[in-house]
Amino acid sequence: MRSLQTGRLLLRPFHHSDLSALNACARSPQVGPHAGWPPHQSREQSRRVLDQFIREQEVWAVVLRSSGALLGSIGLHEDYRRPYAGARMLGYALGEAYWDKGYATEAAGEIIRFAFEVQHLSLLSLYHYAYNDRSRRVAEKCGFIREGVLRAGSMRYDGRIFDEVCYSLTRADYEALQAKEEPF
């Protein structure tokens, strides 16, 4: 897994030294539930997740370049609805202190570039609970196409059922977005 950079962010592999910062982010009752996972109850729980991130190498640490602060994570995961080669699902979670500052959109933009230009994927998907307006805005700003709402489409860790909004971005969509950004 290689590191990636944006204007403000470094997206790098997780290190064991990230445990305290990951735990601080993941134990918040405002972070995990929006992404479908329970707030971490212990450092040991965060250590197991961190070990998984390091082992599987599909999740980057989102780090502020100016200070080195760990903001959260972003990854390309198997899309459980499109389980074929060339399709991945974008997922991210940032600590609530870093919400509404454009960091998720900035990180997502770089991961999207990497997915299409380096990994040569054919499709990226993004799903969020219908109530999650922050994720909706990230999806829209990044050019994802809203496919629709899967009513009662997801059961969260606590047994609650939520509508799930589905988006995709194909290689052709990405290339069209890039062509619009080219100067003439």
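If you're wondering where the values come from, they're calculated on a predicted model, not measured in any experiment. (Residues numbered from 1 in each chain as written. Predicted model: local features only at pLDDT ≥ 70, side-chain atom pairs only at ≥ 80, totals over all residues. Heavy atoms only, no water.)

Structural notes on helix α3 (residues 43-56)
Part 1 of the reasoning: Its 14 residues place the ends of α3 20 Å apart at the C-alpha level, agreeing with the 20 Å of an ideal helix rising 1.5 Å per residue.
Part 2 of the reasoning: Buried within α3 are the following residues: Q45, S46, L50 and F53. The buried residues of α3 all sit within an arc of 135 degrees when viewed along its axis, so they share a single face.
Part 3 of the reasoning: Where α3 is buried, its residues meet α1 (19-26), β3 (59-64) and β4 (70-77).
Part 4 of the reasoning: Directly after α3, the chain includes Q57, whose backbone phi takes a positive value near 50 degrees. (Helix = DSSP H or I, 4+ residues; strand = E, 2+ residues; numbered from the N terminus. Expected span 1.5 Å × (residues − 1). Buried < 20%, exposed > 50% of the residue type's maximum accessible area, 1.4 Å probe, protein only. Arc of directions from axis to C-beta. Contact = heavy atoms within 4.5 Å.)

A closer look at helix α4 (residues 103-117)
Part 1 of the reasoning: Under the 1.5 Å per step criterion, the end-to-end length of α4 is 21 Å for 15 residues, consistent within 8% with the ideal 21 Å.
Part 2 of the reasoning: In terms of burial, α4 is largely enclosed, as 11 of its 15 residues are buried.
Part 3 of the reasoning: The complete set of buried residues in α4 reads Y103, A104, E106, A107, A108, E110, I111, I112, F114, A115 and F116.

Concerning the packing of aromatic side chains
Part 1 of the reasoning: This structure, assessed with the given rule, holds 8 aromatic pairs.
Part 2 of the reasoning: Aromatic side chains F14 and F53 sit 5.0 Å apart centroid to centroid with 40 degrees between the ring planes, which places their arrangement in the tilted category. In this pair, F14 is assigned in the loop between β2 (9-13) and α1 and F53 in helix α3, connecting sequence segments 39 residues apart.
Part 3 of the reasoning: A ring pair is formed by Y129 and F162, whose centres lie 4.9 Å apart and whose planes are at 40 degrees; its orientation type is tilted. Highlighted residues: Y129 in strand β6 (residues 123-129) and F162 in strand β8 (residues 161-170), separated in sequence by 33 residues. Take Y129 and F162: they sit in the same class, and that class is buried.
Part 4 of the reasoning: Residue placement shows R81 over the ring face of Y127; its charged tip is 4.9 Å from the ring centre. (Phe/Tyr/Trp six-rings, centres within 6.5 Å; stacked < 30°, edge-to-face > 60°. Lys NZ or Arg CZ within 6 Å of the ring centre and 35° of its normal.)

Looking at the packing of α4 against helix α6 (residues 171-181)
Part 1 of the reasoning: One way to put it is that α4 packs onto α6 with a least axis distance of 11 Å and a crossing angle of 120 degrees. The orientation of α4 with respect to α6, classified from their angle, is oblique. Our pair here, α4 against α6, has a crossing hand that is left-handed. Residues I112, R113, F116 and E117 of α4 touch α6, and the partners they reach there are R171, Y174 and Q178.
Part 2 of the reasoning: In terms of residue class, the contact of α4 with α6 is built from 3 nonpolar, 1 polar and 3 charged. (Axes fitted to C-alpha atoms, helices over the stretch in contact; angles between N-to-C directions. Parallel < 35°, antiparallel > 145°, perpendicular 65-115°, else oblique. Left-handed = near helix turned anticlockwise from the far one by under 90°. Nonpolar A, V, L, I, M, F, W, Y, C, P; charged D, E, K, R; others polar.)

What about the packing of α1 against α3?
Part 1 of the reasoning: In the contact formed by α1 and α3, the axes pass within 9 Å of each other and the chain directions differ by 110 degrees. Considering the angle they form, α1 stands roughly perpendicular to α3. Crossing handedness for the pair α1 and α3: right-handed. Packed against α1, whose contacting residues are L19, S20, L22, N23 and A26, the element α3 presents R43, S46, R47, L50 and F53 at the interface.
Part 2 of the reasoning: Split into classes, the residues belonging to the contact of α1 with α3 amount to 5 nonpolar, 3 polar and 2 charged.

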